[in-house]
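Observations on the three-dimensional arrangement
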Amino acid sequence: MSRSELQRINAFLAAFARRQAGRVVDLPGGFAVHDDAFAHSRANNQVVIEGAVDPEALPALADRALGHLPHRLVSVLDDAVGTACAEPLIRAGYSHSAYLVMLHAGPVRDGGAADEVDLDALRTPLTRRWRDLLPDVDDEVVRHLVDRREARRRGADVVRFLGARTEGGEVASWADLYLDPATGLAQIEDLVTSEAHLGRGHADAVLNTALRVAVDEGCGTRFLTADAADWPRHWYERRGFSAIGVTHCFERG
């Protein structure tokens, strides 16, 4: 069952990248996505490998597809293919990260203390977050990283931004929820809590709400991706998620 679900999830991830793109160029083993409106966003301008590819040829393939940009991002959805591509890409100057595909099998609580929010409500906390992470970049880069969220609305049949607020009304924690009720798939993405509001249950409120909305929409396959080398994977494990697969991310520049 996990293998079948992983194949469906990878197909969903590939379709999401295609649907939100400004334009798509098909390549051997995958495709490149481009969005000139968010040229500083690597996620919106990358190569996605979803099938078999020649690992030794992949660095040159990425250069041809993304040659107009100062950065490179290559996402490989299949674990075995990604493992095979690691050495040639690292040799070409790429860094390598592995991300766990984590499936939710725990109980889903009723209700939830988070609500749907719009991009305007997220703009201030998102800007603050990116400023903390990338203090040396200019305003245009930050604007692209914040506003690119709007392009995500094209990625799935139902896209919702969820947020948990403080008593004063500030969005303290937030996440994206992508739903495909026709296939029963739901992805929770970019769950983040502002530094000033950590440890107060806001992330749990967002996660619980996202899971409940997914169940109410008929999505029995609920998943997210988490950095295999970072602590949030353990936080998700304590909340009923378990790893069923690995995707690979390669970055340069």
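First, a word on what this report is: a plain description of the structure on this page. These figures come from a predicted structure and were not determined experimentally.

Rules and cut-offs
Residues numbered from 1 in each chain as written. Predicted model: local features only at pLDDT ≥ 70, side-chain atom pairs only at ≥ 80, totals over all residues. Heavy atoms only, no water. Pairing = 2+ DSSP bridges. Helix = DSSP H or I, 4+ residues; strand = E, 2+ residues; numbered from the N terminus. Contact = heavy atoms within 4.5 Å. Axes fitted to C-alpha atoms, helices over the stretch in contact; angles between N-to-C directions. Core = buried A, V, L, I, M, F, W, Y, C linked by side-chain atoms within 4.5 Å. Buried < 20%, exposed > 50% of the residue type's maximum accessible area, 1.4 Å probe, protein only. Polar contact = N/O pair within 3.5 Å; in protein donor to acceptor, adjacent residues only side chain to side chain. Phe/Tyr/Trp six-rings, centres within 6.5 Å; stacked < 30°, edge-to-face > 60°. Lys NZ or Arg CZ within 6 Å of the ring centre and 35° of its normal.

**Some words on the sheet that holds strand 8 (residues 171-180)**
- One open sheet accounts for 11 strands, arranged 1-2-3-4-11-5-10-9-8-7-6; its pairing is mixed. Each of the sheet's edge strands pairs with one partner strand only, and the pair in question is strand 1 (23-27) and strand 6 (115-116).
- Running over the sheet, helix 1 (residues 2-20) touches strand 1, strand 2 (30-34), strand 3 (46-49), strand 5 (95-104), strand 8, strand 9 (185-193), strand 10 (221-227) and strand 11 (241-252) and is turned about 75° from strand 10.
- Strands strand 5, strand 7 (158-165), strand 8, strand 9, strand 10 and strand 11 of the sheet are contacted by helix 6 (residues 202-216), whose axis makes an angle of about 20° with strand 8.

**Examining the nonpolar core**
- Ranked by size, the top nonpolar core spans 33 residues in total, and within it Ile9, Phe12, Leu122 and Phe223 carry the most contacts.
- For this core, the secondary structure elements donating two or more residues are helix 1, strand 2, strand 5, helix 4 (119-133), helix 5 (139-147), strand 7, strand 8 and strand 9.
- Counting residues per element, this core draws most heavily on helix 1, at seven residues.
- If we skip the residues at most four places from it in the chain, Ile9 touches Val101, Leu103, Leu185, Thr221, Phe223 and Ile244.
- Ala175, Ala203, Ala210 and Ala226 belong to the second largest nonpolar core, which has 25 residues in total.

**Describing the side chain of Asn45**
- Assignment of secondary structure puts Asn45 in the loop between strand 2 and strand 3.
- Polar side-chain contacts of Asn45 include one of 2.9 Å to the backbone nitrogen of Asp35.
- Filtering out sequence-adjacent residues up to four positions away, Asn45 remains in contact with Val33, His34, Asp35, Phe38, Ala39, Leu66, Leu69 and His71.

**A closer look at the side chain of Asn10**
- For Asn10, the position within the fold is in helix 1.
- Given the relative accessible area of 14%, Asn10 is considered buried.
- In this view, Asn10 contacts Leu77 and Thr247; residues no more than four positions away in its chain are not counted.

**Notes on the packing of aromatic side chains**
- This model, assessed by the stated rule, comprises five aromatic pairs.
- Ring geometry for Phe12 versus Phe223: centroids 6.0 Å apart, planes at 90°, classification edge-to-face. Highlighted residues: Phe12 in helix 1 and Phe223 in strand 10, separated in sequence by 211 residues.
- An aromatic cluster is defined as three or more aromatic residues linked by ring pairs; in this entry it consists of Phe12, Phe16, Tyr178 and Phe223.
- Positioned over the ring face of Phe31 is Arg18, at 4.1 Å from the centre of the ring.

**Focus on the pairing of strand 5**
- Where strand 5 and strand 11 come together, 10 bridges link them in antiparallel fashion. Its bridge partner lying in strand 11, Tyr99 is registered against Thr247.

Keep in mind these numbers describe shape, not what the thing actually does.
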